[in-house]
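Structural description and commentary
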Amino acid sequence: MSVSHRAGYVVGVLITLLAISHDCQARVHSHGRFVRIKGTRFVLHRSYFVFSGFNSYWMMHVAADPSERYKVSKTFREAAAAGLSVCRTWAFSDGGDRALQISPGVYDERIFQALDFVISKARRHGIRLILSFVNNYKDFGGRPQYVKWARNAGVNVNGEDDFYTNPAVKSKVITRKNTITRIAYKDDPTIMAWELMNEPRCQADYPGRMINGWVQEMASFVKALDKKHLLEIGMEGFYGDSMPKKKVNNPAGYNQVGTDFITNNLIKEIDFATIHAYPDIWLSGQNDSAQMAFMKRWMHSHSIDSNKILKNPLVLAEFGKSNKDSGHSLGERDQYLRKVYESMNKFERTGEGIGGSLVWLLMAEEMDSYGDGYGIILSQHDSTKGVISGQSHKMTTLSRMLLRGKHGIKVGFLKALRHLNSCSPF
């Protein structure tokens, strides 16, 4: 989401590559291994890794104030207690308040140390990170900031979409050492994956060729520097012109956003695909039943395409339900999350699984300025915590059952299916 309701990323001038920490007390890295992929599955150690996680975009920004860092620690602690194992967060803030990148290629060490703190706390609590490099939107800088920097430098740019084609000044931040753990970001398995941009879009080229070229350039650059971590684009999942018949799955009004779920994710350096889902925004005005029916179709279509066409894992990287909706209640949100999780488990039973999900948006108390209507405070919302925790523990059990190995894959998979089939709703 745009963080006024979400945030995204830009390359017109720079790509920020960041990585993570190494705290020897970390539950996450008692094994110290990187998450890998095997076919359409994530793999960790000798098991398939099926995860339930969360988004907390705000962590570095909040941690820039040492007196507020307890909010980061508390959120990780509560998330870990609920069984959540992956967090997606911003590793960018370009220009403006608490900027990581003050000007092109110039970074604020104080903010970098805030990111170091976030990474070290994630490791301590056994949570892996997906770090996003830049924003598509104006929040935390985004493409508008890069275009502004380019214009100030005398570059002739017509608009924000020129970001995708202008020469990029690429940062070497990936080689940074965490000041707390003394581990280079590129060597830290606390990081599960890098994300090129939060929700890339382009109005100058609806078929998606411009973004496709940009993804190819940036993905090659990232992989040249770091072959240990997984890489994804940060896409919402809109279908494009490469397979026109699939555009019927897009929500109305979203057929021309300049991305192509199939073509963009077929780039060989991209390790897994993502989708975001906000039927309460995309189908506003329609009732809950219609929105849930769309959600199921959206997940099902992309899970099939990821398995059969892309042959890579799929992550539901953003989903939630806003409390700003008319007639909203906590019970309605819980029911929505429950149905989304149940649908994911059903896909798993049919062999068309989604590798993981990241609910939007976990927060701590006294963070109203960071809220967008989707905030969940686990310590205050016990019923929601129960729904999320129930799914997390199912995914943990499933991961343990899906053992790799000559005999373990088949036996473990059958046991896992029986487990999911026997589980009653939350």
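As shown above, the structure is provided for reference.
Residues numbered from 1 in each chain as written. Predicted model: local features only at pLDDT ≥ 70, side-chain atom pairs only at ≥ 80, totals over all residues. Heavy atoms only, no water.

**Focus: the pairing of strand β9 (residues 191-195)**
- Taken across its five residues, β9 has five buried, putting it largely inside the fold.
- Note: β9 against strand β10 (residues 230-232), three bridges, orientation parallel. Bridge assignment links W194 to a residue of β10, and that residue is L231.
- Between the parallel pair β9 and β10, the chain is carried across by helix α5 (residues 209-225), and the sense of this crossover is right-handed. (Buried < 20%, exposed > 50% of the residue type's maximum accessible area, 1.4 Å probe, protein only. Helix = DSSP H or I, 4+ residues; strand = E, 2+ residues; numbered from the N terminus. Pairing = 2+ DSSP bridges. Right-handed = clockwise from strand over helix to strand, strands pointing away.)

**Regarding the sheet that holds strand β2 (residues 41-44)**
- One open sheet holds the three strands; their spatial order is β1-β2-β3, and the pairing between them is antiparallel. In this open sheet, the two strands that pair with only one neighbour each are β1 (36-38) and β3 (47-48).
- Bridge count between β2 and β3: two bridges; the pairing is antiparallel. Within β3, the position partnered with V43 by the bridge is Y48.

**Points about the sheet that holds strand β4 (residues 51-55)**
- Strand order in the open sheet formed by eight strands is β10-β9-β8-β5-β4-β13-β12-β11, and the pairing between neighbours is parallel. Both edges of this open sheet fall to β10 and β11 (273-277), since each of them pairs with a single strand only. Taken over all neighbouring pairs, the strand axes of this sheet differ in orientation by 25 degrees on average, direction set aside. (Axes fitted to C-alpha atoms, helices over the stretch in contact; angles between N-to-C directions.)

**Examining unusual backbone geometry**
- The backbone of F140 shows a phi angle near 60 degrees, a positive value even though the residue is not glycine.
- In this structure, F140 sits in the loop between β8 (128-132) and α4 (142-152).

**A look at the packing of aromatic side chains**
- In total, this model carries 28 aromatic pairs according to the counting rule given.
- Ring centres of W90 and W360 lie 6.2 Å apart, and the angle between their planes is 45 degrees; this geometry places the pair in the tilted category. Residue W90 is located in strand β5 (residues 86-90), and its partner W360 is located in strand β13 (residues 356-360); the two are separated by 270 residues in the primary sequence.
- Since its relative accessible area comes to 1%, W90 is described here as buried. (Phe/Tyr/Trp six-rings, centres within 6.5 Å; stacked < 30°, edge-to-face > 60°.)

**Observations concerning the environment of G32**
- Mapped onto the secondary structure, G32 falls in the segment before β1.
- On the basis of relative accessibility, which here comes to 35%, the residue G32 falls in the partly exposed class.
- A sequence separation of 12 residues divides G32 from L44, and the C-alpha atoms of the two residues are 9.9 Å apart.

**Some remarks on the pairing of β8**
- With five of its five residues buried, β8 lies for the most part within the structure.
- By the alternation rule, side chains of β8 split into R128, I130 and S132 and L129 and L131, which are all buried.
- In the sheet, β5 pairs with β8 via five bridges, with the strands oriented parallel. In the strand pairing of β8, R88 is matched with I130.
- Bridge analysis of β8 against β9 gives four bridges, and the strand direction is parallel. Paired with I130 across the strands is A193, a residue of β9.

**Describing the side chain of R88**
- Relative to the helices and strands, R88 resides in strand β5.
- Overall, R88 belongs to the buried group, its relative accessible area being 0%.
- Here the side chain of R88 touches E318 through a polar contact of 2.7 Å, side chain to side chain.
- Here R88 is in contact with F54, N55, S56, Y57, I130, E195, N198, H276, A317, E318, L358 and W360, once residues within four sequence places are set aside. (Polar contact = N/O pair within 3.5 Å; in protein donor to acceptor, adjacent residues only side chain to side chain. Contact = heavy atoms within 4.5 Å.)

**Focus: the packing of helix α2 (residues 69-81) against helix α3 (residues 109-124)**
- The contact between α2 and α3 brings their axes to 10 Å, and the two run at 25 degrees. By the angle class used here, α2 and α3 are roughly parallel. The two elements α2 and α3 meet at a crossing, and its hand is right-handed. Of α3, the residues touching α2 (which contributes R69, V72, S73 and F76) are Q113, A114, F117, V118, K121 and A122.
- Each residue belonging to the contact of α2 with α3 can be placed in one class, and the counts come to six nonpolar, two polar and two charged. (Parallel < 35°, antiparallel > 145°, perpendicular 65-115°, else oblique. Left-handed = near helix turned anticlockwise from the far one by under 90°. Nonpolar A, V, L, I, M, F, W, Y, C, P; charged D, E, K, R; others polar.)

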